[in-house]
Amino acid sequence: MDLNNSISYNINIVENVTKTYSQLENHTDKETLLIKKIHDGIIVFILVIIMLAMGCDITLSQIWSKLRRPVGVAISLSCQFLLLPLTAFTLMNIFHFHALFSIGMLIASSCPGGTVSNVFTYFCDGDVALSVTMTTVSTVVAIGMMPFTLWIYGHSLDTKGIIIPYKNMALTLVVITIPVCVGILIHWKLPRVARIVTKVGSFCGFAFIVILVGMQYFIFPKMLGNVLWQQCVASLILPMQGFLLGYCGAAVFRQSAPVKRTIAIEVGIQNTGAALTVSALSFPFEVQDQVLLCPLLFGLVQFFACCLASLTYRIYKKWFKVQMVEEDKNLEYLVK
């Protein structure tokens, strides 16, 4: 009798613990989903500000002056939407990534440029007007090219029942393109306000990456802990290949040094915010951590690579300027 009571007591304990754990897990899931909704709202809000700021820095005369001789724009678009996705597809096949990570890689490689590329172009003494024009044109072109790229390279992937939402992706890109048009209108009607919005948007572009990494880690705590070395290598190669493709493409067509730097930066720095927004709003929550991983790694690599490149360029420029001044002084001394 005592043995039966003891067994019954132990069974009740197990049932209570299981019930409590289940309730706790459900509570945690609800909290995570709530944070995920807040996260989605924040990234859309910040991305709208960034795209609005980009529009505020654009004039139609700027765009038209560059489109009249569209060599730089054509090189950039070819590298961004043809060669870089092909590079991603090659890496997918070399490393045999699973389907969802591969989809994230294709999204990252077929994104348009963003305001961060415009800022780094300024830091590296590039052609800012060309950078802004390429960013604007690529943002519009991406509405069709991103879903098309995923259809071309992604239709053979085994997504295990997950349907690639081409329509949702295109609609998301349309929504984030609208603020660019509004920004252009603000620049035309309210130029003083446009300058303020541009500065705020530039700051948001840098803060965006930090905020997203923190929130992604909180929502998907195991996402960065399960990263494979092959995924790190691919995420490192992809933006580096973007810089190389842009620079070499510009060199083939004998563009000036500032234009070479501009196209390299534009192709190497994709709009990670757009990639993360499209991924977050288009795919089910259960698989988002796998789709978001590549755009997140890609964004971190390209950001730190450009910071290092900008710093190196600034140091080189300062040193070269000092050398030029010393040579001029020596030349003047010899003449005297």
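In this text, all values refer to a predicted model and were calculated from it rather than measured experimentally.

Enquirer: Honestly, the packing of aromatic side chains in this entry has me stumped. Any pointers?
Expert: Each aromatic ring pair is specified by the distance between its two centres and by the angle formed by the two planes. The full count for this structure, using the stated rule, is 5 aromatic pairs. An aromatic cluster of three or more residues is present, and its members are F95, F97, F101 and W229.

Enquirer: Help me understand the state of the cysteines, please; the structure alone is not making it clear to me.
Expert: Disulfides are covalent bonds that connect the sulfur atoms of two cysteines. This structure, assessed with the given rule, holds 0 disulfides. Between C307, a cysteine without a disulfide, and C306, which holds the nearest cysteine sulfur, the sulfur-to-sulfur distance is 7.4 Å.

Enquirer: Would you explain helix α5 (residues 115-123) in this entry?
Expert: Along an α-helix, residues three or four positions apart point the same way, because every turn accommodates 3.6 residues. The buried fraction of α5 amounts to 7 of the 9 residues, a majority that puts the element mostly inside the structure. Within α5, burial applies to T115, V116, S117, N118, V119, F120 and T121. Backbone geometry just downstream of α5 places D125 in the positive-phi region, at approximately 55 degrees.

Enquirer: Explanation requested: the packing of helix α4 (residues 99-109) against helix α9 (residues 229-252) in the structure shown.
Expert: Describing two packed helices takes the angle between their axes plus the distance from one axis to the other. Direction vectors running N to C along α4 and α9 enclose 15 degrees, while the axes themselves pass 12 Å from each other. The angle between α4 and α9 places the two elements in the roughly parallel class. Remark: the crossing between α4 and α9 carries right-handed chirality. For the pair formed by α4 and α9, the contact residues are F101, M105 and S109 on the first element and Q231, A234, S235 and L238 on the second.

Enquirer: Can you help me understand the side chain of S138 in this one?
Expert: Within the secondary structure layout, S138 lies in helix α6 (residues 128-154). In contact with S138, not counting residues within four places along its chain, are L77, Q80, F81, P112, G113 and E266.

Enquirer: Before we go on, may I ask you to explain unusual backbone geometry in this structure?
Expert: Backbone phi values are negative for most residues with the exception of glycine, while trans is the configuration of most peptide bonds. The phi torsion at H96 lies on the positive side, around 55 degrees, for a residue other than glycine. Residue position: H96 is located in the loop between α3 (71-95) and α4. Positive phi is not limited to glycine here, since R254 has a value of about 55 degrees. With respect to the element layout, R254 can be found in the loop between α9 and α10 (257-268).

Thresholds, definitions, all that
- Residues numbered from 1 in each chain as written.
- Predicted model: local features only at pLDDT ≥ 70, side-chain atom pairs only at ≥ 80, totals over all residues.
- Heavy atoms only, no water.
- Phe/Tyr/Trp six-rings, centres within 6.5 Å; stacked < 30°, edge-to-face > 60°.
- Disulfide = S-S within 2.5 Å.
- Buried < 20%, exposed > 50% of the residue type's maximum accessible area, 1.4 Å probe, protein only.
- Helix = DSSP H or I, 4+ residues; strand = E, 2+ residues; numbered from the N terminus.
- Axes fitted to C-alpha atoms, helices over the stretch in contact; angles between N-to-C directions.
- Parallel < 35°, antiparallel > 145°, perpendicular 65-115°, else oblique.
- Left-handed = near helix turned anticlockwise from the far one by under 90°.
- Contact = heavy atoms within 4.5 Å.

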